[in-house]
Every structure is written in structure tokens, then in C-alpha cells.
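Survey of secondary and tertiary structure
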Amino acid sequence: MWSKLVVNMDNLSISRVALEEEFQDLGGRSLIAQYLIKNVPPTCDPLGEENVLLFATGIFAGTRFATANRLSVGSKSPLTGGIKESNVGGYAATLLAEHGIKLITISGLPKDDNLRILYIDKNGNANLLDANEYKGINNYEFVEKIHERFGKDLATISIGSAGERLYKCSSIQVSEYNSGHPSRAAGRGGLGAVMGSKGIKGIVIEKPEEKYEIPYKDKEKFEEICLKLNRMIAESAKKDPFHNIGTISTIEVTAPNGILPVANFSGKLFKDYKKVGANKFMENLKTRGGRNKIPCQPGCIVQCSNCYNDENGNYLTSGFEYETIAMFGPNCLISDLDAIAKMDRICDDIGVDTIETANAIAMCMEAGKINWSDADAVLNLLNEMAEGTEFGRLLGQGCEAVGKSLGVERIPVVKHQAMAAYDPRNTKGTGITYATSPMGADHTAGLTMGRAFDDSGRTAQAYASNKLQVAIAFADSMMCIMTFANMVPGVPLLAEMMAALYGGSSDFSRVASIGVKTLLTEREFNRRAGMTDADDRLPDFFYKERSFATGSKFDIHDMELRTIFDF
Amino acid sequence: MITSYEQFVPIVMGCGSMLRTGLKVRELGCKKVLVTHGKNLKKTGYVDILVENLESAGIKAVCFDGVQPDPPDTMVEEAAEFARKEKIDGIVAIGGGSSMDTAKAINVLINNEPPIIQYLGVQKNLNPGVPLICIPTTSGTGSEVTTMTVITCTSLNKKDSVLSPVCLPTLAILDPELTLGLSPRMTAITALDALAHAVESLTGGQANPLSDALAREAIRLIAKWLPVAYNDGSNIKARENLMYASTFAGMAFTNALVHIGHSIAHVLGAQFDIPHGMACAIAMPEVIEYAAKTETEKVKMICECFGIEIDENADYEIIGATAKKTLRTFIKSVGIPNLKELGISLEDTLNIAPLVTQDSGFAIAPYRITASKVAEMLKSAYDA
């Protein structure tokens, strides 16, 4: 039986108990939604003692299913004020599953200012260790020190100085498989601040001596279906640009069509996009000894991660993604890929969400605090965040706080969370997802690009957003969405795999209902937290301003947004 | 809102225009064409006239007379094999929707490998076919101007469509005289199919000013001339106007698409074997009432096309209720029975609601509705 590690920071107690029966066959996002609605008051202070920070592994955790070992982090978000599930790759979930742990709950607040590490040793014993020596240091240094102290056969989950300072854009960084770099981010929603509020600097998980035996209902059947799906994924991934290049390949589609945000979602095209495009990226990898096709977790076949070196061939960053490049690049009119890689490195190191941070930087440009295209000025501002200057701390509160403080009118947020790298006027279904996702403006919740008749048109956009939001809600409960995208014809087999693992129905409605129930639970949490229909809308300027690239506005009828989750 | 109108088929129209076929096909450079038609049409003598007309223009014609209603994939694959063997360089379809859809499916398979089932859905990269000329003998489907062909997949036991430029006819020839022999029932059923195309494309998410103009004119013509043709099948002016109305509606919907009314019709057709046009009409009033919430101005236009004055201050509820009442009165006036009169139980009717929400047309609904709301619509239509 899967177990739950219960950490109470009020009295610094830890207990390991069996996971509740009702949660046994859930995982990831679905487990987080059900746990939070039952255990956390939606109106609580996200950084107060009533909030709980959760780490959950997926429905197929511990099995051989590709990317089954993704980690979901959940809590009430300090940024959105609503429910938050942010999922991340890396090595941690693999080791948690090998320990037989499906859920870690961290509740309460410590009575002192001490920092602690939650340490799970190779025998599965969990302890809170003093971590004051790591106070104020950032993720890369933290991981280095942990490796020096405990060796390398482990995974880390950590916050940098941003999380300690309770920045609302702070991330939780997870170490990558093999390299150990803390470059995988549970970025969105400021969950690093929740971890910081609980005085947890990091979670260190040693590889267990004995692996947890998964109680399959029918192991043979499971392995048979799993192999079939893994083969399908491997075959499809061969043609997937995310495998062959990386997520930066997305820019080749978004830039020519006005989907790529340029100059704070001005709607213009960016003629220099190739300077930060796929070819430039690949050329830099090749000439500097960098790499792509890196799995961030064991067993991943899509392998969209990478290792990006500077011009001297020294390691700079990894997990260098489209969103980061687009938002620090074209959305700030910057076309220097190396400068953007440095920004990515700083963000990973201090532990902040690149999307939220880059949008906050664009607010500074829109307000004239720094000039458009000025990469050095951006690096200076990021250093202010690292140093915790007064303005650095404001940046740490995210795009909306910065925009409001500087008097900016065009602030691209939904539910106080900044938009990712898709202009909602030119992929309107994604705009509908931004507006209605319980997570706030989140592209991973249902990116419809290329899935409706015309990305800039209205037809079938709400339908595509609805279908994808449901699909992603169950995919987020069981795998990485990059893998999911490569196994769409095999989706019905997920139900058969659940039946072989847990017993019960093998009908696809079992899987679909996980998606629907998760979304409705998340919406209910947000409703109880005080959100209304008005929170399910885009900022005014997308309704009023035309995208210069296409002439399009976000002209989706409110009724389409209001009825999106009518099931 | 930015919209587009992209599909356009050249049209020759007017009484007797079928006799232009030979010249037009020769202009298109064809030497040997396949004529598709159903067995019943042969009895009217029109097929013989067409073949003679083609041959007099120096064009060889071979016939495929095996067109079946709701064209099965097996039948179109057999016809395509015949077409390839005969090395034809053009296709002339004469008949209703089935004959034209068969010709379109053959055209898909002329330069693309069978089975047809692999091309269901939107296809942007099929190899082009040969010139395709459509001559409708009913005033309903509008297939002579659309990019789609509806095929029955025998292995899956369901109807689905191929949407492709290969399905778009090269030329449509509208000869209203060919519809003079239609019974009042067939006249009503086919015209209501056209009316459904018009009202749904007007209220759909892809509507545009040009498709709106075509849809409005189609509604006006059907409102005025269907009752005339229904009562007097020999009235050539009524036949003429209905034929143009169905083509206008076809042009509207191949650009603007249809939505929930057709989703309901597809399921009613499949579950209870109700003819397509009749199935489209059964819940049309409820569907348009539903659409009034977001497409208020468009539903107001529908009322106005039926000659109903709408108060300037009327809200969507009044407009929706007026449209519902107007459409229902019209549909009943041309002898269309409701589901109760068709002998279907209320329970069976309500049970189809979840299937309706799974139809592909549901994707393009003006706004999302639940299966239980669809059931409410069906309940309202059941004995209305």
C-alpha cells in the first residue's frame, strides 16, 4: 500500500502512515485537488499555518510507463489566491516512488526562524535536519553542498533565496536525473514561497536500498499494455520536434503567426526571431559541446531537455525552454540567446518562475524603467531580485504587482498569474484556457494551437479548450504532457492500465472522469476562496486592442467562457 | 470579428441548363467522363438526355448507376475502382445528395489510395482529382457547392464526412426543371434540410457577412416558396426559387458550418432512421431558441426573413421564443411530424441526448451545452 509522509511544522513531527484508501488510485494533480479541498480552508492565508504544501507522485508512479514519475506540487497559491498544482520532471518522484511514498504533506508553521531539510534516507526514515548553514544560498550551491555532504545518489527538491524571501513568483526546483542540476522547476504560482513559509529549504531523497514493491492487480497485463504504449510513444517521438530539437522548436510555429508574444503582447511580429530560434539553438549546442535529447527523469523517451553551454563551452543552464526564451526574448525585444540563457540560469538558481519573472520585467520596459531590448538591464534587475533590494522584492511579487506599482495598464495576467508565450488573440482556444483554467493563465492547462479551424478564429475554440483541459487534468495526474502528446491514439489504454494496476473498471470513462472531477474540484476550491465569473476573463486590452500581426481581438463571447465547464 | 469566405463554385443556372453540360465539360478539357446516378433517376429519362448531350459534344460517357442512399464506403470504393479502370478524366454527378457525394468520394479515390475511411475529417493534402460537375435533382443538400462528402462507414455503422478541396465541384449546373417531379413530402424534407443549413450557418461560430447574406436569402426564399411548391409541385417559379435557395444555403454552410441542429439530426437519423431533412427540422426551433442567447441579432434576422417584425427593445428570450414559434408553425405547415407522431417513445428520445453531445458538429456550437440541456430541447420538440 502506498504511504503518506505527514510533516507537521508546528511541532516538527514526522509520521509515515498508509495513504487513505480514497486516494490510493489517484495521483498527481487529481490527488492534490481532492486532498486540498478536504484538508485546506480555501480562504486561508497561503503563507499561514492552515495552508498545506503537498508533493504527490502520479497514478502510475514506480511503473515502467514512460514519464510516470513526474512530481506534482500543490497548495493554495500565494500568487493566484486559488488552488495550485505545478508539476515538474526531475529525479525526485522516481525515488519517492521507490520508497513507496505517494504523498508528502507539510502543514503548519514552525515556531522559530530556523531553516530545515526534510531528509529521507536510504532506509526510508524521514527526519528534519537543521539547514541554517544553507540560509540565503541559491539552488545550484545548495545542491553542490548536499552532494558534498550526502553523496550523489539522491534527488533534491529545493528553494533558493527567492523562496526564503517569500517571493510570490518563487519556484521549487527539482534536480535533474544524472546531472543533478536543479534546473527543473515547479515554477508557477509561487509555491516556493509556501515552502519558504514552512521553513523548509529542501527535501533530500536518497535512493532506497530496497525498492517498494508495487501491488499490481495484474502485473502481466499491466506490463503488456505499458510496453505497447511505450513503443507507441517511442515511435511517435522520433518525429517530435521536442525530441529532435527541444521545446524551442515551438517558436518556428508561433513567431510567423503572431502567436509569439512580442513587446509585452503588443501583437506585433518579431522579425529577429531566428536569432533566438531552433537553428541558432542547435548551432550553439553543437559548437559549444552542449546537448539536447536529455531525459530529465529516468525512462523518458521524449527527452526534450538539454544542456546549454556558454561561448567558452562552460555549463550555463539546462532545461532551457521555449517559454523562457520567448518571454525574456521577443516579449522583451531581446534577441540574444546567450543573455537569455544567463537569465534562465539566474531564475533557476534563485528559484523563480521564468514566465512570471520575464513578464514582470516586460512591465518595467512598458513603464520605461528600463529600455526595451536591454539585456544588461534585465540581468541587473534579476540580480536585484537575488540581492533582495527593495525593487528586487517588488519584482518577486510578480507581473501584476510590478505593473500596478509602475502604473502600467496592459498587464497580461489572469487570476493574478502572468501569461505564457502564446498571444490569446491568435490562439483563441489557448486564450479561453488562460481565462478559465483554475490555475490562472497557464498554457500547460490546455494549449489549443493548431487544434481548431483557425487559431485566430472563434469556431471550435471553446470545444478544443474544454477537451484539452479535461485531458490535461488527467494527464497531469499520470505523466508528463510531452509524453501524452505522443500517445494520443493510445489514450483509451490508460484506463486498461489503471485496471491492471488497481483493479476496477477498464472503461475510458474512468480516466475521463478523473479529468472532469479534478477540474470541477479545483473550480469549487477557487469559488470558496472567493473567485467569481469575473476571474475567468482576460485583461481588457486583449478585448480592445488588435493584434497587429493578424488584426484579431479576443472576441470570444462571455457565454462561451461561462459554459466551458458545463459537463 | 475577422472572418473569411473561402469556398466558391462556378454555377450555370436556369431552366434547361442541364443541356449546357456537354459544352461546359468540353471547355473543362474532358474526353471521357463517369456519370454517377441512382437507378430510380434512370426511369425519369434525365440520365439518357444527359448522356446524349455529352456525347453530342464529343465526350465519351460511362455510367455508374449503383448509387445508394447514404453512400456506403464499400459502394464508393467499387465505383472508384470502376472509374480508374475506365480511365475517365471527369465526373458528372446527377441526382440528389447521394449521387453527388458518391461522385465526390470517387474523386477523392481517383488519385488517393482506398479505403475512403482513412480520409474522414478535414483533409488539406490529398492529391487532386479530376473535374467534377454536379447537377442536383433535389433542392436540399447543397452538395453541388460544398467541400464535403458524407459517407456511411459500414464497419463502424456510422456516417461521417471527408472535407477536402478535392470534394469541391468544379462546376454546378442548376436546372430547376429537374425537380418538377418531386413529391410534396420530398419537396418539404429537402427544403427543410436547406433551411437547416441556412439557419445554423447564420448562427454558427464561423458565420461571415457573405455567408450571412446567402443564408438570409435562402431563408426568405424557402419561407415564401416552400409552401407554394408543397401545394403545387408544378409551379416552376417555386421550384426555381427553392433550387437557388438550397444552393445559397449550401454556399453559406460550406463556409460557415452547421452546428447542434445537425448533431441532433445525425443521431435521430442513425437511431430512428428518420430522413435527414426531417431530422434537421424536428428540433430546429429549439436549437435556434438556444442560439438566441449569444447570436441574438442573427436570430432576429431569421424572424425577419419570415416576415415577423421584432420590437427594437426585445431581449434574447423574446427573440428566441418568437423564432421558435415561427419555425415550428412553418415546419408543421408542410406536414413534418413530431417524434411522438413518428411513434418514438419519449424515453428513447431523451436517451439520445448524450450521443448528440458526442457528434463532431457539437464542436462548433455557439456555446457549450450539456446533455441534459439537449434532452430538454428534445423534450420540448417531442410532441410540439
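Just so it is clear, the model here is predicted, and its values are computed rather than measured. (Residues numbered from 1 in each chain as written. Chains lettered and ligands numbered in written order. Predicted model: local features only at pLDDT ≥ 70, side-chain atom pairs only at ≥ 80, totals over all residues.)

**Here's the deal with the overall build of chain A**
When you go through chain A residue by residue, the secondary structure sums to 22 helices and 17 strands. For chain A, the C-alpha radius of gyration of 22 Å lies close to 24 Å, the compact-globule estimate for 567 residues. A total of 567 residues make up chain A; the buried ones form 60% of that total. Across chain A, every contact between residues at least 6 apart in sequence was considered, and the portion connecting residues at least 24 apart equals 71%. (Helix = DSSP H or I, 4+ residues; strand = E, 2+ residues; numbered from the N terminus. Rg over C-alpha atoms; globule rule 2.2 N^0.38 Å. Buried ≥ 20, exposed ≤ 12 C-beta atoms within 10 Å, placed from the backbone. Contact = placed C-beta atoms within 7 Å.)

**Structural notes on the overall build of chain B**
Scanning chain B for helices and strands turns up 16 helices and nine strands. Taken over C-alpha atoms, the radius of gyration comes to 20 Å for chain B, in line with the 21 Å a tight globule of 384 residues would show. If you line up chain B on its principal axes, its C-alpha atoms span 60 × 45 × 45 Å. Of all 384 residues assigned to chain B, the portion counted as buried reaches 54%. Within chain B, contacts between residues separated by at least 24 positions form 78% of all contacts whose residues are at least 6 apart in sequence.

**A closer look at the domain arrangement of chain A**
All names here are of chain A. For chain A, the assigned domains read domain 1 (3-206), domain 2 (241-423) and domain 3 (426-485 + 505-567). Its C-alpha centre places domain 1 at a distance of 27 Å from the equivalent point of domain 3. Taken together, the contact pairs 29 residues of domain 1 with 22 residues of domain 3. Class assignment of the residues belonging to the side of domain 1 that touches domain 3 gives a composition of 11 nonpolar, 13 polar and five charged. (Domains from an automatic or database assignment. Nonpolar A, V, L, I, M, F, W, Y, C, P; charged D, E, K, R; others polar.)

**Describing unusual backbone geometry**
In this model, Pro114 of chain B is joined to Pro115 of chain B through a cis peptide bond whose omega is 5 degrees. Inspection of the secondary structure assignment puts Pro115 of chain B in the loop between α5 (97-110) and β5 (121-122). A positive phi angle, near 50 degrees, is found at Ala263 of chain A, a position not held by glycine. Residue placement: Ala263 of chain A occurs in the loop between α8 (251-254) and α9 (278-288). Positive phi is not limited to glycine here, since Lys87 of chain B has a value of about 50 degrees. Looking at the element boundaries, Lys87 of chain B is found in the loop between α4 (73-86) and β4 (90-95).

**Notes on the pairing of strand β6 (residues 132-136) of chain B**
Residues and elements named next belong to chain B. With five of five residues buried, β6 lies mostly within the body of the structure. Residues of β6 alternate between two faces, with Leu132, Cys134 and Pro136 on one and Ile133 and Ile135 on the opposite face, all of them buried. Sheet analysis places β4 next to β6, joined by five bridges and oriented parallel. In the strand pairing of β6, Gly95 is matched with Pro136. (Pairing = 2+ DSSP bridges.)

**Brief notes about helix α8 (residues 236-256) of chain B**
Residues lying three or four places apart along an α-helix face the same way, a consequence of the helix completing one turn every 3.6 residues. An ideal rise of 1.5 Å per residue puts 30 Å on 21 residues; α8 of chain B measures up with 30 Å between its terminal C-alpha atoms. The element α8 of chain B is largely enclosed, with a buried count of 19 among its 21 residues. (Expected span 1.5 Å × (residues − 1).)

**Re the nonpolar core**
Counting residues in each nonpolar core, the largest one holds 307 residues, and the members touching the most others are Val33, Ile106, Leu192, Ala218 and Ile222 of chain B. Take this core: its biggest share by element is 11 residues, from α8 of chain B. (Core = buried A, V, L, I, M, F, W, Y, C linked by C-beta atoms within 7 Å.)

**A short note on the sheet that holds strand β15 (residues 315-318) of chain A**
Residue and element names in this part refer to chain A. Spatially, the three strands line up as an open sheet ordered β13-β14-β15, and their pairing is antiparallel. In this open sheet, the two strands that pair with only one neighbour each are β13 (291-294) and β15. Ignoring which end each strand starts from, the neighbouring axes of this sheet average 20 degrees apart. Pairing between β13 and strand β14 (residues 305-309): two bridges, direction antiparallel. In the sheet register, Ile294 faces β14, and the bridge partner there is Ser305. (Axes fitted to C-alpha atoms, helices over the stretch in contact; angles between N-to-C directions.)

**A closer look at the environment of Arg70 of chain A**
You can see Arg70 of chain A is positioned in the loop between β3 (53-56) and β4 (71-76). If sequence neighbours within four positions are ignored, Arg70 of chain A has contacts with Gly28, Gly58, Asn87, Gly89, Ala93, Met479 and Cys480 of chain A.

**Thoughts on the interface of chain A and chain B**
Each partner contributes to the interface: chain A provides 19 residues, whereas chain B provides 14 residues. When contributions to the side of chain A that touches chain B are tallied by element, the ones reaching two or more residues are α17 (461-475) and α22 (558-562) of chain A. When residues in the side of chain A that touches chain B are grouped by element, the largest group, three residues, is from α17 of chain A.

**Side note on the environment of Tyr140 of chain A**
All names here are of chain A. Of note, Tyr140 is situated in helix α3 (residues 139-150). A count of 21 C-beta atoms within 10 Å places Tyr140 in the buried class. When the C-alpha atoms of Tyr140 and Gly351 are compared, they prove to be 9.8 Å apart, with 211 residues separating the residues in sequence. The residues touching Tyr140, leaving out its near neighbours within four places in the chain, are Pro182 and Asp349.

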